[in-house]
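Residues per chain, in single letters:
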Amino acid sequence: MAQDSEWEPKLVGFLCRWCSYAGADLAGTSRKKYPANIGIIKVPCSGRVDPLFILKALRLGFDGVLVSGCHPGECHYQTGNYRARRKIALTKKFLEYMGIDPRRLQASWISASEGGKFTEVTTQVTKELKEAGPNELFADDK
Amino acid sequence: MTNREAEQRLRDEAKSLLESAKVDYIVGFADGSLKFHTTPLITRNKDDVDHLVINPFMASNLAKFLTELEGRVGIVAKGCDSRSIVSLVQDNKVSREKVVIVGIPCRGMINLSKIEQLAGKESDEIDDITRQGDKVVVKLDGSEKEIPVKEVLFDHCLACELPTPKEYDLLIDEPIPATPDEEASQAKINKLEELSHHERWRFWQNEFSRCIRCYACRNVCPACYCQRCFVEEAEPQWILSIPKWQDNLIFQIIRNIHLAGRCTDCGECERACPVNIPLRSLSKEMYDLVGELFGFKSGMEIDAAPLLTHYELEEAEDFFR
């Protein structure tokens, strides 16, 4: 993919079913404008997000991944987001050590009432990914 | 206690464990068929225990066999092996009551390839390698060469935090205090960290284009005990079964993430790798991250909750918007 002014990053968002997905819904129903760069995958809980999903998305050529769940203490399953936090923090740090730009893995806490925060986060993440450029990590030519 | 006395005591203890039926198996080290190598000895026969040895070449981590053997097992364990056993107990893979840990204080294991490199000879051409305090004496073509021990130990041995097992039932010989040399052990990783993201990715890309996906790293790892590994999943097929570097890299990244909080830096993956990929530079980094972010050291406290099943209310928040 050639990088020109037309280039737009593609982003996968793993949003938890209870908070962040509802937050994204709210952004939509309240007619807030957020970047169309994000493709949303609904997951039962942010704790469901396996680091493998993140790697697979990058391997498929997505430019970035956003993992989002309920605020700490507000998880529908009590502890799912705390577990997610440990996993995501380790994954992010480890991927950075491997040589993956840390901007490619982002995480946030967005509650069902925070449609505004959802638009802010996606706008910001899209902007950062634009700066990071196209994901050529797994491209075959050396 | 001299080495010979320690070896004798180990054999006596092993024999009495079998005779008194306290264990069904003894797992230890015996001399290998090649010079300066050891091979795992797994036996139910009390006459076999006379083959047990203690020497600076027993590099394998025998904890691997615990998940495969049924019944009670008496296992010879260096400090690092004992950490792997503790980690397996924490994961409920091994029941503590079914294991008799025969602890061996360890001064570090000798990396034969480092000796071969320094001596400029294959190991079967070397007459003898003996450890004398802080030196290793290599006998070669009738002459003797002294090498400081730090130059020939495995990298992970240099950073050893637990030379003497903390969790044991029997301890052969006197405990040895830990003298970790982080600097020397960390040399390869520090070099990598100086590179840019791009250069680092290229480095790993290059290393993993050599990988033949033989899974030796996975098969030798005591913490890799899954019945079915994600790489063998067919629906969905996460990675291709042909060893392309992209998929090799994903395999190894995910393997290391799975091992977070369970890898005890025993260095077995790197030792087993047939194409010499510096795998410890990955596992040690994960080991350090776990310590840095969550103050967790795997295999140290037997009562500690496994890293990824536990959480604190406030931690690692700076990764989240």
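Higher on the page you've got the structure.
Because the structure is predicted, anything quoted here is derived from the model rather than measured. (Residues numbered from 1 in each chain as written. Chains lettered and ligands numbered in written order. Predicted model: local features only at pLDDT ≥ 70, side-chain atom pairs only at ≥ 80, totals over all residues. Heavy atoms only, no water.)

Draft legend 1. A look at the state of the cysteines. Considering all chains together, one arrives at 1 disulfide over all chains under this definition. Here A:Cys75 stays free of any disulfide, with the sulfur of A:Cys45 as its closest cysteine sulfur at 4.1 Å. Among the residues examined, A:Cys75 registers a relative accessible area of 7% and is labelled buried. Here B:Cys273 is not cross-linked by a disulfide; its sulfur's nearest cysteine counterpart is in B:Cys214, at 6.5 Å. The buried category is assigned to B:Cys273, whose relative accessible area is 12%. (Disulfide = S-S within 2.5 Å. Buried < 20%, exposed > 50% of the residue type's maximum accessible area, 1.4 Å probe, protein only.)

Draft legend 2. Local environment of the sheet that holds strand E8 (residues 170–171) of chain B. Residues and elements named next belong to chain B. Across the sheet, 5 strands lie side by side as E2-E1-E3-E4-E8; this open sheet has mixed pairing. In this open sheet, the two edge strands, each paired with only one partner strand, are strand E2 (38–43) and E8. When strand E1 (residues 25–31) meets strand E3 (residues 73–77), the two strands line up parallel, connected through 3 bridges. Across the sheet, the residue bridging to Ile 26 is Gly 74, located in E3. Each of E1, E3, strand E4 (99–103) and E8 touches helix H1 (residues 3–19); the most contacted strand, E1, lies at about 150 degrees to it. Contacting E1, E3 and E4, helix H2 (residues 79–90) runs over the sheet at an angle of about 135 degrees to E3. (Pairing = 2+ DSSP bridges. Helix = DSSP H or I, 4+ residues; strand = E, 2+ residues; numbered from the N terminus. Contact = heavy atoms within 4.5 Å. Axes fitted to C-alpha atoms, helices over the stretch in contact; angles between N-to-C directions.)

Draft legend 3. Quick look at empty space enclosed by the protein. Residue and element names in this part refer to chain B. The final tally for this structure, using the stated rule, is 4 cavities of 30 Å³ or more. Considered as a void within the structure, the largest cavity measures approximately 170 Å³ in volume. Along its surface, the largest cavity is lined by 20 residues, and Cys 221, Pro 222, Cys 263, Thr 264 and Cys 266 are the ones closest to its centre. For the lining of the largest cavity, the secondary-structure elements that each account for two or more residues are H2 and helix H10 (268–272). With 3 residues, H2 is the single largest residue contributor to the lining of the largest cavity. In terms of residue class, the lining of the largest cavity is built from 9 nonpolar, 6 polar and 5 charged. What the second largest cavity holds in volume is close to 100 Å³. If you go around the second largest cavity, you meet 16 residues; those closest to its centre are Cys 211, Cys 214, Cys 217, Cys 273 and Ile 277. (1 Å grid on protein atoms, 1.4 Å probe; cavity = no way out; pocket = protein on both sides within 12 Å on 5 of 7 lines; lining within 4 Å. Points joined across faces, edges and corners; volume = space filled by probe spheres on them. Nonpolar A, V, L, I, M, F, W, Y, C, P; charged D, E, K, R; others polar.)

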